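Observations on the model geometry
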Amino acid sequence: MKLNEKILVSHVDNWETQTWERGKAMLALRPDRVAMQDATAQMAMLQFMQANKKTVAVPSTIHCDHLIRAESGSEKDLTRAIDENKEVYNFLASSAKKYGIGFWKPGAGIIHQFVLENYAFPGGLIIGTDSHTPNGGGLGMLAIGVGGADAGEVMAGLPWEVLHPKLIGVRLTGKLQGWASPKDVILYLCGLLTTKGGTNKIVEYFGPGADTISATGKGTITNMGAELGATTSVFPFDQKMVAYLKITERADIATLAETNKTLLTADPEVHASPEKFYDQVVDIDLSALEPHVVGPHTPDLARPISKMAAEAKEKGYPVELKAALIGSCTNSSYEDIGRAAHIAQQGLKAGLKAKTAFLVTPGSERIYHTMKRDGFLQTFEQMGGTVLANACGPCIGQWKRADAVKGRADSIVSSYNRNFPGRNDGVNDTLSFLASPEIVTAYAFAGNLNFDPVRGSLKAADGTELKFEPPKGDELPSQGFAKGPEGFIPPAENGESVQVDIPPTSERLQLLQPFPKWDGKDFEKLPLLIKTKGKTTTDHISPAGPWLKFRGHLERISDNMFLGATNAFSTEPGKGTDVLSGETGLTIAQIARRYKAKGIGSVVVGEENYGEGSSREHAAMSPRFLGVKAIITKSFARIHETNLKKQGILPLTFADPKDYDTIEQNDRITITGLQGLAVGKPVSVAIHKADGKEITIQTNHSLTGEQISWFKAGSALNALN
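A quick note: this is a predicted structure, and the numbers were derived from the prediction, not measured. (Residues numbered from 1 in each chain as written. Predicted model: local features only at pLDDT ≥ 70, side-chain atom pairs only at ≥ 80, totals over all residues. Heavy atoms only, no water.)

1. Topic: the overall build of the protein chain
- Secondary structure assignment for the protein chain yields 23 helices and 30 strands.
- Whereas a compact globule of 721 residues would reach a radius of gyration of roughly 27 Å, the protein chain reaches 25 Å, a difference of no more than 12%.
- Residues classed as buried in the protein chain amount to 62% of the 721 residues present.
- Taking the contacts inside the protein chain whose residues are at least 6 apart along the sequence as the reference set, 75% of them involve residues at least 24 apart. (Helix = DSSP H or I, 4+ residues; strand = E, 2+ residues; numbered from the N terminus. Rg over C-alpha atoms; globule rule 2.2 N^0.38 Å. Buried < 20%, exposed > 50% of the residue type's maximum accessible area, 1.4 Å probe, protein only. Contact = heavy atoms within 4.5 Å.)

2. Remarks on the pattern of salt bridges
- A complete count under the given rule lists 43 salt bridges for this structure.
- Note that R373 is salt-bridged to D374, the shortest N-O span being 2.7 Å.
- Among the residues examined, R373 registers a relative accessible area of 32% and is labelled partly exposed.
- Residue D403 pairs with R401 through a salt bridge whose shortest N-O separation is 2.7 Å.
- Take R401: its relative accessible area is 8%, and that puts it in the buried class.
- One salt-bridge network, held together by shared partners, links R69, E71, D77, R80, E84 and K400. (Salt bridge = Lys/Arg side-chain N within 4 Å of Asp/Glu carboxyl O.)

3. Overview of the sheet that holds strand β3 (residues 60-63)
- The six strands lie next to each other as β6-β5-β2-β3-β4-β21, forming an open sheet whose pairing is mixed. The sheet terminates laterally at β6 (142-145) and β21 (488-489), the two strands that pair on one side only.
- Each of β2 (33-37) and β3 is contacted by helix α2 (residues 38-50), which is oriented at about 115 degrees to β2, the strand it contacts most.
- Sitting on the sheet, helix α4 (residues 86-99) is in contact with β3 and β4 (102-104), with an inclination near 155 degrees to β4. (Pairing = 2+ DSSP bridges. Axes fitted to C-alpha atoms, helices over the stretch in contact; angles between N-to-C directions.)

4. Overview of the sheet that holds strand β27 (residues 650-654)
- Read around the closed barrel, seven strands run β22-β25-β26-β27-β30-β29-β28, paired in mixed fashion. Each adjacent strand pair in this sheet contributes to an overall mean axis angle of 40 degrees, direction not counted.
- Alignment of strand β26 (residues 628-633) against β27, held across four bridges, turns out to be parallel. In the strand pairing of β27, A630 is matched with L650.

5. Considering the packing of aromatic side chains
- Counted by the stated rule, this structure contains 16 aromatic pairs.
- Site record: aromatic cluster; members linked through ring pairs are W104, F114 and F488.
- Of note, K98 hangs over the ring of Y99, and the distance from its end group to the ring centre comes to 5.9 Å.
- Across from the ring centre of Y660, 4.2 Å away, lies the NZ or CZ of K531, which sits over that ring. (Phe/Tyr/Trp six-rings, centres within 6.5 Å; stacked < 30°, edge-to-face > 60°. Lys NZ or Arg CZ within 6 Å of the ring centre and 35° of its normal.)

6. Describing the pairing of β26
- Burial runs high along β26: five of the six residues are buried.
- With four bridges joining them, strand β25 (residues 602-605) and β26 adopt parallel strand pairing. The residue of β26 that forms the bridge with S602 is V628.
- After leaving β25, the chain enters helix α20 (residues 618-625) and then returns to the sheet as β26, a path that is right-handed.
- With respect to chirality, the unit in which β26 leads through helix α21 (residues 638-646) into the neighbouring parallel β27 is right-handed. (Right-handed = clockwise from strand over helix to strand, strands pointing away.)

7. Here's the deal with the side chain of T670
- Here T670 shows up in strand β28 (residues 668-671).
- With relative accessibility at 4%, the residue T670 sits in the buried group.
- A polar side-chain atom of T670 sits 2.9 Å from the main-chain amide nitrogen of K525.
- Once you skip the residues sitting within four places of it in the chain, T670 turns out to touch F523, E524, K525, S684, V685, A686 and H688. (Polar contact = N/O pair within 3.5 Å; in protein donor to acceptor, adjacent residues only side chain to side chain.)

8. Some remarks on the packing of α2 against helix α6 (residues 148-155)
- Viewed as axis vectors pointing N to C, α2 and α6 meet at an angle of 45 degrees, and their least axial separation amounts to 8 Å. Classed by the angle they form, the pair α2 and α6 counts as oblique. Crossing angle aside, the handedness with which α2 passes α6 is right-handed. Across from A44, M45, Q47 and F48 in α2, the residues of α6 making contact are G148, A149, G152 and M155.
- For the contact of α2 with α6, the per-class residue count stands at five nonpolar, three polar and no charged. (Parallel < 35°, antiparallel > 145°, perpendicular 65-115°, else oblique. Left-handed = near helix turned anticlockwise from the far one by under 90°. Nonpolar A, V, L, I, M, F, W, Y, C, P; charged D, E, K, R; others polar.)

9. Observations concerning the environment of A309
- Relative to the elements of secondary structure, A309 occurs in helix α12 (residues 308-315).
- In the structure, A309 is positioned 142 residues away from F451 in sequence and 7.1 Å away in space, judged by C-alpha atoms.
- With residues up to four places along the chain from it excluded, the contact list for A309 reads L449 and N450.

10. So, unusual backbone geometry
- For the bond from G295 to P296, the omega torsion is 5 degrees, close enough to zero to count as cis.
- Following the sequence through the fold, P296 ends up in the loop between β12 (292-294) and β13 (302-304).
- The backbone phi angle of N200 is positive, close to 60 degrees, even though this residue is not glycine.
- Here N200 is to be found in the loop between α7 (182-193) and β9 (201-206).
- What makes N200 partly exposed here is its relative accessible area of 22%.
- Not every positive phi belongs to a glycine, and N609 is a case in point at roughly 55 degrees.
- With respect to the helices and strands, N609 occurs in the loop between β25 and α20.
- What makes N609 buried here is its relative accessible area of 4%.

11. A word on the side chain of R423
- Along the polypeptide, R423 turns up in the loop between β17 (411-414) and β18 (431-434).
- The exposure class assigned to R423 is buried, which follows from its relative accessible area of 4%.
- Among the polar contacts listed, one links the side chain of R423 to the side chain of S614, at a separation of 3.0 Å.
- Dropping the residues within four chain positions of it, R423 is found in contact with P394, C395, I396, G397, R418, D539, S614 and R616.

12. A short note on α2
- In a regular helix each residue adds 1.5 Å, so 13 residues correspond to 18 Å; α2 covers 19 Å between its end C-alpha atoms and thus fits that length.
- Counting buried residues in α2 gives 13 out of 13 residues, a clear majority hidden from the surface.
- One side-chain oxygen of the residue at the start of α2 lies 2.8 Å from the amide nitrogen of A39, identifying that residue as Q37.
- Looking at the residues trailing α2, positive phi occurs at N52, about 60 degrees. (Expected span 1.5 Å × (residues − 1).)

13. Quick notes on helix α22 (residues 705-713)
- Q707, I708, W710, F711 and A713 are the residues of α22 that are buried.
- Packed against the buried residues of α22 are β1 (26-29), β7 (160-163), β22 (523-531), α21, β27 and α23 (716-720).
- Immediately downstream of α22, the backbone of G714 shows phi near 105 degrees, a positive value.

So this is what it looks like as C-alpha cells:
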C-alpha cells in the first residue's frame, strides 16, 4: 500500500459500504480535526449554526490571520486590525466559545504554520478552510483544503466526501546543494505539471532524497502543492519529523510514530516498483536542481534563475523591483529565515542596503520571538527591512502598497505561494514573481531581476565586487524555540449560555437564510451572465483585498462577483451587458441583481480549470445568491466544483470542449432532463440563438447520488436539515 492509502483507509467512515476506485469513487471520510482562518471561518460558522448543534463533533480551531492589513509594520498594523475588525473578531471568538472551538487571537500566527507547530501529526487527516492546508503534509499527514460548508458539516458530525484521488509519485534522489532549497523543488514541479496537473490527485513524495529535507522544508513543498491543483501532498514519516515534533514539545507523538513507522510510510514493494502503484511517476534529482523563479501572473511559468534576466528582456518584464517580500505560511520556518539572514549578513558586511522595499512576514509568535532572540530580526532591519505582523498580509492582497499605481506594470518578488494578477497589492498590472527566501533577499540588495545571485556579483560600498556565498542556516534552533504570549482562548466548558455576538445593524456580518430548493422544473431559456475567458480563479470570481471585510455578509460581498474575470464580450474585466435591456458597462453583480429582481436565473460559461486557487466558497455562494443556476466549463478545479455542488449550483462540463466557442452573448440557454438527473448520465443543453436557430450540445457532470439530493434540496445544508 502507498502511504496515502494507509491514511485514507484508516479514516474511512464505513469500511463495509465504501468502494475504492481512483478517479471515480467518492470517499466518505472522518477527519481528525478542522482548522479555519478568520476570513473563511465567518461563513463556515454561519453555516454550522444552521445545523443547530450544541458543540462541534471534532476538535476545531479558528486562526485570525487574514484580516490584518500590511501597511506600517507589525505593531501598528495589528492595533489597526483589532480596531477595524472588532465585530468580526467578537463574532468568531463568541461562536468559538459557544461551540467548543479553540480560538487563536489576531497576531498569534498564520493558520498553516500554527497547524504544523501544534496540531499536525503523522498519519492524521485534517481539513482546513484554506487551500494551503496541505502544509501539514510536511509532517506526514493528509491535510486538505475545503470550503466552509465542508467544514461546517464535519463539525456537525457528518462524514466528509472527496473524489478518490489519483496518485502522482515523486521520487526524490540526491541532496539539495548550494542555493537550491525545498522551495525550488515545488517551483520546478509547478513548471513541469502546471496548475491543473494535480487536479483530483494526491502527490506522494518518496525516495532517499525525501529523508534529506527538513520537516518545515517538506511543509513548503506540500503547501505549494495547492498550486498544482492537487487534493493534497504528503511525505513519509522520517527522522526529520521526529526532530521537529520533539522541538515543538510533542515528543510523545514522535515516539508513537516511531513505534508505528510501517503504518506511516509506503510498503517497500511500492518504492521498489513505483510505476506499478502510482498513476504517474516524476523523478527529481535534488543534487542537480537549480534555484527557480516562477511568474508573473501564474505559479507554473517557471525557469531556472540563470535564465531569468534573458527572459525578462525577451518578454519586456520591468526589471526594476518595487518590493521583495519573504516569509508567509509557505516560507517562514527557522531554516528559511536563517538562510535569508545569512545572505543579509553578507550584504551588510559589504556595506550594502536593500535597494527596494523589503518586507518580512513571520509565520507565528514562536517564529517571531526566535528570530528576535537569535538576531535575525535586527539583521533584516539593518538592511532596511520592515517586519510585518504574524499574518498573511501581502500574500493574500492585504497590503497597502504605497507606490502601487493602477495601470502601471511593476515587478515584485516574494517567497509566497500564489501570484495571480492583483493577488498581492490589488493591482492587476503588477508582475509578481516567486522564489526562495534566500533568492528574494539577494534580489532585495540588487533591486532588479537582471541579477543572478548564484553566478553574479554586486558592487560593494568600497567598490569591490561582492559574490554571495551560498546560503547556510540551521534547520532548527539549537536553543529551541523562544516563546511569547501565544494568544489562545479555550472554549467554554458549557457554551449553552454563551450568546453569539452579531450586532443587528452590522454591515460585516449577516445571518444566512436557506437557499430556495429546486422547483422541479428544467432551466428554460436562461440568459448568459458571463462567459469568462482564460484563467478564471476564485480570486477573479470573488476578489479579496478590500472585500475581505465582507466575508461574513453574503449580500455585501456579492457585489464583488466576477470583478476580476475577463468577459469574452467586454473589453473591461468584471463588466458586461444586461441582455434584457441592452445596457452595457455594468458590473456582473449589477446585471445578476437585475435578473434576480425579475425572477430570472442565469448561466455562467468558463474555460479550463475554472475556479482554481483559493478555497473561498464565496466564489460559489455569491453566484448562488444572485441567481446563477448552472456553470458550464471545459473543466473545474476540485475545491470550487465541490463548493458549487454544496451551494446547489449545477456544475456541468462540455462533452466537446469546442462547444465553448458556440456560446454567444445574446444566447438563451435551456438545460433539460433535470427530473431524470442521475449519476453518470449526460445532461442535454439547448442553445437558442438570437436569429431563432437552436443548437443542442451534451454536457457531463460528476454529481453523486447524495450530491444530486443537495441540488434538489437547494444546498447541502438544506439536505442536512
